[in-house]
Amino acid sequence: MYINFWYPVARSDEVTNETPFRTRILGVDFVAFRDTEGNACVLSDTCIHRGGALGAGKIKGDCVECPYHGWQYAADGKCARIPSLGDDEKLPARAKVDSYPVQEKYGIVFAFLGNLPKRERPPLYDIPEYDADDWRANKLVVFEVDYYYERSVENGLDAAHNEFVHPKQGTPGMVQDFRNKPIDVDDIGDWGSKFMLPFVQEKSGEGLLDGQIERRPTDLTAGSGHFGPNVLITWLHLGGENKFHQYFFEAPIDENRTRIFFVNMRHFMLEPAMDQRIIDVNMEIAQEDIDVLTNLNPVRTPETTTKELLVPSDRPVLRYREYLKDWEGKGWRIDLKKLAAMRGDTAVAIPSPARRTTKGWILDEIPMIVD
Ligand code: FES
Ligand SMILES: [Fe+2]
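Caption draft 1: The arrangement of the sheet that holds strand β3 (residues 28–34) in detail. In space, the 4 strands of this open sheet follow the order β2-β3-β4-β9, with antiparallel pairing throughout. If you trace the sheet from one side to the other, it starts and ends with β2 (21–25) and β9 (99–100), each paired once. Where β3 lies against strand β4 (residues 40–44), 5 bridges are found, and the strand directions are antiparallel. Paired with Phe33 across the strands is Cys41, a residue of β4.

Below is the structure:
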């Protein structure tokens with residue numbers, strides 16, 4: 001798991017000015033709420049007084065109030081009120097929690113979970129067709145799965161699993177052409193990579209020798225890509241204007257569980273009445289992946305590629321892992337072993353941008369892998 005990327009925190013309608021929304025991402029708890037102007041705010045959930053869970057508290061005006069002794073925190077993370085101090089007493093400068101940059105898009109509240117200054121941050125993935133009239137977005141679907149998010153992203157980057165995990169999908173004999181040539185993987189800017197593969201129509205039997213397979217090209221293509229560690233994109237171009245673009249914004253809850261925010265765009269069958277049918281088919285396909293991925297061993301991607309036997313069709317997965325190594329080299333990878341050892345007696349926070357410019361933070365930063 002990596003800091004310094006945009007993570008989906010909640011559906012926009014879950015974040016209100018009435019009740020705080022509490023959630024776990026990257027193994028750490030967060031609270032989200034709206035101020036009186038309607039801006040979404042995301043803060044570290046742990047009250048730095050004596051460990052109250054802010055997300056279990058109340059919203060008071062522009063602040064979230066800890067349920068334990070009523071300390072109130074504003075959108076910038078600074079404590080605005082400590083009821084047990086006299087009204088004219090100054091609030092300690094260290095009375096603050098981490099506050100994270102927020103963007104609201106696609107019906108999702110995203111937070112930048114990391115400490116990079118604005119100009120250095122990787123962007124939030126842009127869905128170019130999201131507002132286009134000739135495209136339709138399905139209602140946002142959010143679901144949770146019992147496996148590590150990197151296994152989920154890698155599964156999306158893997159064309160070779162389709163005919164085994166999803167045998168019911170597609171036209172019989174239609175396969176993606178990854179066997180005869182290496183897959184060309186292209187970068188998406190500085191933060192991701194992708195591939196597109198043509199489909200071929202395979203035919204055997206009548207008019208052909210025993211075991212002989214005839215392969216004919218088609219105008220269908222499909223591919224996928226990742227952006228950052230946690231965004232998976234699938235492009236399905238089924239000929240002409242018939243296109244699906246699918247976006248999976250993934251939030252690792254911890255090392256064993258992932259919450260997936262699924263935005264499905266389509267360029268045909270635009271009638272709203274088709275929405276539910278399309279979601280049903282997609283969730284049926286997702287369930288086929290879930291059934292396989294829940295049983296992978298080890299649960300997390302292995303530390304080195306020597307502990308799995310990768311073949312040429314795994315090239316997009318390998319490219320993803322190279323990116324992850326790069327981000328680890330920048331010091332952005334969370335040390336899960338150290339984190340597990342700290343649990344129970346040390347509360348931690350993902351460092352926010354303000355930690356670069358101010359001192360006096362009560363909570364430890366989450367431990368990172370340092371090379
Ligand atoms: S623990 Fe939050 S106010 Fe005391
Ligand atoms: Fe799949």
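Caption draft 2: Layout of the nonpolar core. The biggest cluster of nonpolar side chains holds 91 residues, and the ones touching the most others in it are Tyr73, Phe249, Ile334 and Ile350. If you tally residues by element for this core, the top one is strand β11 (residues 108–113), at 6 residues. Apart from residues lying up to four places away in sequence, Phe249 is in contact with Pro8, Tyr106, Ile108, Phe110, Tyr125, Ile127, Asn230, Val231, Arg259, Ile260, Phe261 and Val263. Membership of the second largest hydrophobic core comes to 6 residues, among which are Ala159, Phe178, Val185 and Phe195.

Caption draft 3: Expanded view of the side chain of Arg259. By secondary structure assignment, the location of Arg259 is in strand β20 (residues 257–266). A relative accessible area of 12% means that Arg259 is categorised as buried. Among the polar contacts listed, one links the side chain of Arg259 to the side chain of Thr23, at a separation of 3.0 Å. Beyond its immediate sequence surroundings of up to four residues, Arg259 is in contact with Val9, Thr23, Arg24, Val142, Phe143, Glu144, Phe249, Glu250, Ala251 and Ile253.

Caption draft 4: View of helix α3 (residues 275–293). For α3, built from 19 residues, the straight-helix expectation of 27 Å at 1.5 Å per residue is met to within 8% by its first-to-last C-alpha distance of 26 Å. Close packing links the buried residues of α3 with β12 (136–137), β13 (141–145), α1 (149–156), α2 (162–165), β19 (243–254) and β20.

Caption draft 5: Geometry of the state of the cysteines. Taken as a whole and judged by the stated rule, the model has 0 disulfides. The thiol of Cys41 is not disulfide-bonded; the next cysteine sulfur, from Cys63, is found 9.3 Å away. For Cys41, a relative accessible area of 4% gives the class buried. Cysteine Cys79 remains unbridged, with the sulfur of Cys47 as its closest cysteine sulfur at 7.2 Å. With a relative accessible area of 10%, Cys79 lands in the buried category.

Caption draft 6: Spatial organisation of the coordination of the iron ion (ligand 2). In the first shell of the iron ion (ligand 2), the protein supplies His161 (NE2), His166 (NE2), Asp289 (OD) and Asp289 (OD), at 2.1 to 2.5 Å from the metal. Classification of the site at the iron ion (ligand 2) as irregular follows from its 4 donor atoms and the range of 56 to 147 degrees in their angles at the metal. For the iron ion (ligand 2), the donor residues sit on a single chain with the sequence spacing H-x4-H-x122-D. Placement of His161 in the loop between α1 and α2 and of Asp289 in helix α3 is noted, with a sequence separation of 128 residues between them. Each member of the pair His161 and Asp289 is classed as buried.

Caption draft 7: A look at the environment of Pro217. Here Pro217 shows up in strand β17 (residues 214–227). Looking at Pro217, the relative accessible area reads 71%, which means it is exposed. It is 23 Å that separates the C-alpha atoms of Pro217 and Phe268, two residues lying 51 residues apart in sequence. Residues contacting Pro217, with those up to four places away along its chain left out, are Phe199 and Val200.

Caption draft 8: Region of the structure containing the packing of α1 against helix α4 (residues 315–329). Between α1 and α4, the least distance of the axes is 9 Å, while the angle of their chain directions is 140 degrees. Classed by the angle they form, the pair α1 and α4 counts as oblique. Considering the relative orientation of α1 and α4, their crossing is right-handed. Where α1 approaches α4, its residues Tyr149, Glu150, Arg151, Val153 and Glu154 are matched on the opposing element by Val317, Tyr320, Arg321 and Leu324. Residues that form the contact of α1 with α4 fall into these classes: 5 nonpolar, no polar and 4 charged.

Caption draft 9: Local environment of the sheet that holds strand β5 (residues 58–60). Read from one edge of the open sheet, 4 strands run β5-β6-β7-β8, paired in antiparallel fashion. Each having just a single partner strand, β5 and β8 (79–81) make up the two edges of the open sheet. For strand β6 (residues 63–65) and strand β7 (residues 72–73), the ladder comprises 2 bridges, and the chain directions are antiparallel. Following the sheet pairing, Val64 is matched in β7 by Tyr73.

Caption draft 10: Representation of unusual backbone geometry. Residue Pro298 is bonded to the preceding Asn297 through a cis peptide linkage, with omega at 0 degrees. Within the fold, Pro298 resides in the loop between α3 and α4. Residues other than glycine seldom take positive phi values, yet Leu26 does so here, at roughly 55 degrees. Locating Leu26 in the fold gives a position in the loop between β2 and β3.

Caption draft 11: Region of interest: the pattern of salt bridges. In the structure shown here, the tally under the stated rule is 26 salt bridges. Arg321 is the partner of Glu154 in a salt bridge, and the nearest nitrogen-oxygen pair spans 2.7 Å. Within this pair, whereas Glu154 is found in helix α1, its partner Arg321 is found in helix α4, the two being separated by 167 residues in sequence. The residues Glu154 and Arg321 share a single accessibility class, namely buried. Linking Glu288 and Lys168 is a salt bridge whose minimum nitrogen-to-oxygen distance equals 3.9 Å. Here the residue Glu288 occupies a position in helix α3, and Lys168 occupies one in the loop between α2 and β14 (174–176), the gap between them amounting to 120 residues. Accessibility expressed as a relative area gives 15% for Glu288, which makes it buried.

Criteria and cut-off values
Note that residues are indexed from 1 along each chain, following the sequence as it is written. Starting at A for chains and at 1 for ligands, labels are handed out in the order in which the entities are written. Local features in a predicted model are, by the rule used here, given only for residues with pLDDT of at least 70; side-chain atom pairs are given and counted only at 80 or more, and totals for whole chains, interfaces and linings are based on all residues. To get the side-chain values, take all heavy atoms of the structure and skip hydrogens and water. Any two strands are treated as partners once DSSP identifies two or more bridges connecting them. A run of H or I in DSSP counts as a helix once it spans at least four residues, and a run of E counts as a strand once it spans at least two, with each numbered from the N terminus. Grouping buried Ala, Val, Leu, Ile, Met, Phe, Trp, Tyr and Cys residues that are joined through side-chain atoms within 4.5 Å yields what is termed a nonpolar core. Summary of the burial criterion: residues with accessible area below 20% of their type's maximum are buried, those above 50% are exposed, and those between are partly exposed, where the area comes from a 1.4 Å probe applied to protein chains only. Here a residue-residue contact requires only that any non-hydrogen atoms of the pair lie within 4.5 Å. Here a polar contact is recorded for every N or O atom pair within 3.5 Å, except that within protein the pair must consist of a potential hydrogen donor and a potential acceptor, and residues adjacent in sequence are included only if both atoms are side-chain atoms. Each residue after the first adds 1.5 Å to the expected span of a helix. Criterion for a disulfide: a pair of cysteine sulfur atoms at a distance within 2.5 Å. Sites may look incomplete because water is not among the atoms; the donors themselves are N, O and S atoms within 2.8 Å of the metal, or within 3.2 Å for Na, K and Ca. When four donors show all angles between 85 and 135 degrees the site is tetrahedral, when four or six donors have opposite pairs over 155 degrees and all other angles between 65 and 115 it is square planar or octahedral respectively, and in every other case it is irregular. Axis definition: a line fitted to C-alpha atoms, over the contacting stretch in the case of helices. Angles run 0 to 180 degrees between N-to-C directions. Each angle gets one of four labels, with under 35 degrees taken as roughly parallel, over 145 as roughly antiparallel, 65 to 115 as roughly perpendicular, and the rest as oblique. What makes a crossing left-handed is the near helix being turned counterclockwise from the far one by less than a right angle; a clockwise turn instead makes it right-handed. Gly is put with the polar residues, along with every residue not named as nonpolar or charged; the nonpolar set is Ala, Val, Leu, Ile, Met, Phe, Trp, Tyr, Cys and Pro, and the charged set is Asp, Glu, Lys and Arg. Throughout this description, the term salt bridge denotes a Lys or Arg side-chain nitrogen within 4 Å of a carboxyl oxygen of Asp or Glu.

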